[in-house]
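Results of the structural survey
Single-letter residue listing:
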Amino acid sequence: QVQLAESGGGLVQPGGSLRLSCAASGFIFGWYDMTWYRQAPGKERELVADITSDGRRTTYADSVKDRFTISRDNAKNTVYLQMSSLKPEDTAVYYCNVRLPRRGYWGQGTQVTVSS
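Residues numbered from 1 in each chain as written. Predicted model: local features only at pLDDT ≥ 70, side-chain atom pairs only at ≥ 80, totals over all residues. Heavy atoms only, no water.

So, about the state of the cysteines. All chains considered together, the criterion is met by one disulfide. Covalent S-S linkage joins Cys22 and Cys96, the inter-sulfur distance amounting to 1.9 Å. Between Cys22 and Cys96, the S-S torsion sits near 50°, and that sign places the bridge as right-handed. Residue Cys22 is located in strand E3 (residues 18-25), and its partner Cys96 is located in strand E9 (residues 92-99); the two are separated by 74 residues in the primary sequence. Across the pair, Cys96 and Cys22 agree in class, each one buried. (Disulfide = S-S within 2.5 Å. Helix = DSSP H or I, 4+ residues; strand = E, 2+ residues; numbered from the N terminus. Buried < 20%, exposed > 50% of the residue type's maximum accessible area, 1.4 Å probe, protein only.)

Let us now look at the pairing of E9. Counting buried residues along E9, seven of its eight residues qualify, which places the element largely inside the surrounding structure. As paired strands, E9 and strand E11 (residues 110-114) are joined by three bridges and run antiparallel to one another. Bridge pairing in E11 links Tyr94 to Thr110. In sequence, E9 turns back onto strand E10 (residues 104-106) through a hairpin of four residues. (Pairing = 2+ DSSP bridges.)

With that settled, the discussion passes to unusual backbone geometry. One non-glycine residue, Asn77, lies in the positive phi region at around 50°. By secondary structure assignment, the location of Asn77 is in the loop between strand E7 (68-73) and strand E8 (78-83). Judged by relative accessible area, which is 27%, Asn77 ranks as partly exposed. With a phi angle near 50°, Ser85 is a residue other than glycine that sits in the positive phi range.

Right, let's talk about the side chain of Ser21 for a bit. By the secondary structure assignment, Ser21 is in strand E3. If sequence neighbours within four positions are ignored, Ser21 has contacts with Ala5, Glu6, Ser7, Trp36, Thr78, Val79 and Tyr80. (Contact = heavy atoms within 4.5 Å.)

On to the sheet that holds E8, then. Across a sheet, paired strands are connected by hydrogen bonds in the backbone, their directions being either parallel or antiparallel. Across the sheet, four strands lie side by side as E1-E3-E8-E7; this open sheet has antiparallel pairing. Here the strands that pair on one side only, and so sit at the sheet edges, are strand E1 (3-7) and E7. Each strand of the sheet is rotated relative to its neighbour by a mean of 15°, with strand direction disregarded. (Axes fitted to C-alpha atoms, helices over the stretch in contact; angles between N-to-C directions.)

Printed below as a string of structure tokens:
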């Protein structure tokens, strides 16, 4: 079965960095685009970054552009989100997502808290 497992979240001070990982299984990872989303308390889930199956093209939300970098290692079935210059407004649960032909799948999420 399809599984997505996020890791790497935690508490970080403003201006700090974190790298999130999402390990995927149960499908042919290298065939599909992967996406990171986040959901802050009381807010709707929002797209953070997306990467094509071959890793050649990426897109970012305006709020994270030039601070976050999405990447993937198809040999390890893993997608990453490198986050730098973190701000308190980046505090959220971060989820990875894959859209397969029949349906989309979500991981359980990893909490990122940016606070001094």
